[in-house]
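Listed below, chain by chain, are the residues.
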Amino acid sequence: MNLFVYAPYVSYYNDIVLASPYVMLPSIGTNVRITKRFKFNIHAGGAWDLKTAALNYTVTMGTRIMVGQ
């Protein structure tokens, strides 16, 4: 998924006002099925100001387990 955002009045966490009002927020993730009830998730994403450089990157991992039937 990729979000394209118009945000003309945003300042980032370190008090830098964005050079461009356009920000892209790409995201990709997948679940890997380990067993019938247990999944492992890997997700990567970030934020880019279109006129400068990347604002941040994220990589997260997690698990999902089905409890019950």
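Preceding this paragraph is the structure being described.
Residues numbered from 1 in each chain as written. Predicted model: local features only at pLDDT ≥ 70, side-chain atom pairs only at ≥ 80, totals over all residues. Heavy atoms only, no water.

1. Details of the overall build of the protein
1) Next: Regarding its fold elements, the protein presents zero helices and four strands.
2) Next: Helices and strands appear in the protein in the N-to-C order β-β-β-β.
3) Next: Expressed as a percentage of the 69 residues in the protein, the buried residues total 12%.
4) Next: Taking the contacts inside the protein whose residues are at least 6 apart along the sequence as the reference set, 31% of them involve residues at least 24 apart.
5) Next: Accessible surface, the protein: about 5500 Å² in total, of which carbon and sulfur atoms supply 62%. (Helix = DSSP H or I, 4+ residues; strand = E, 2+ residues; numbered from the N terminus. Buried < 20%, exposed > 50% of the residue type's maximum accessible area, 1.4 Å probe, protein only. Contact = heavy atoms within 4.5 Å. Areas by Shrake-Rupley, 256 points an atom, 1.4 Å probe, with all protein chains shown as cover.)

2. Thoughts on the sheet that holds strand S4 (residues 54–65)
1) Next: Across the sheet, four strands lie side by side as S1-S2-S3-S4; this open sheet has antiparallel pairing. Only two strands of the sheet have a single neighbouring strand rather than two, namely strand S1 (2–6) and S4. Within the sheet, the average angular offset between the axes of one strand and its neighbour, ignoring direction, is 15°. (Pairing = 2+ DSSP bridges. Axes fitted to C-alpha atoms, helices over the stretch in contact; angles between N-to-C directions.)

3. Side note on the pairing of strand S2 (residues 22–33)
1) Next: Across five bridges, S1 lies against S2 in antiparallel orientation. From the neighbouring strand, Asn2 faces S2, where its bridge partner is Pro26.
2) Next: Linking S2 to strand S3 (residues 38–49), which pair antiparallel, is a turn of four residues.

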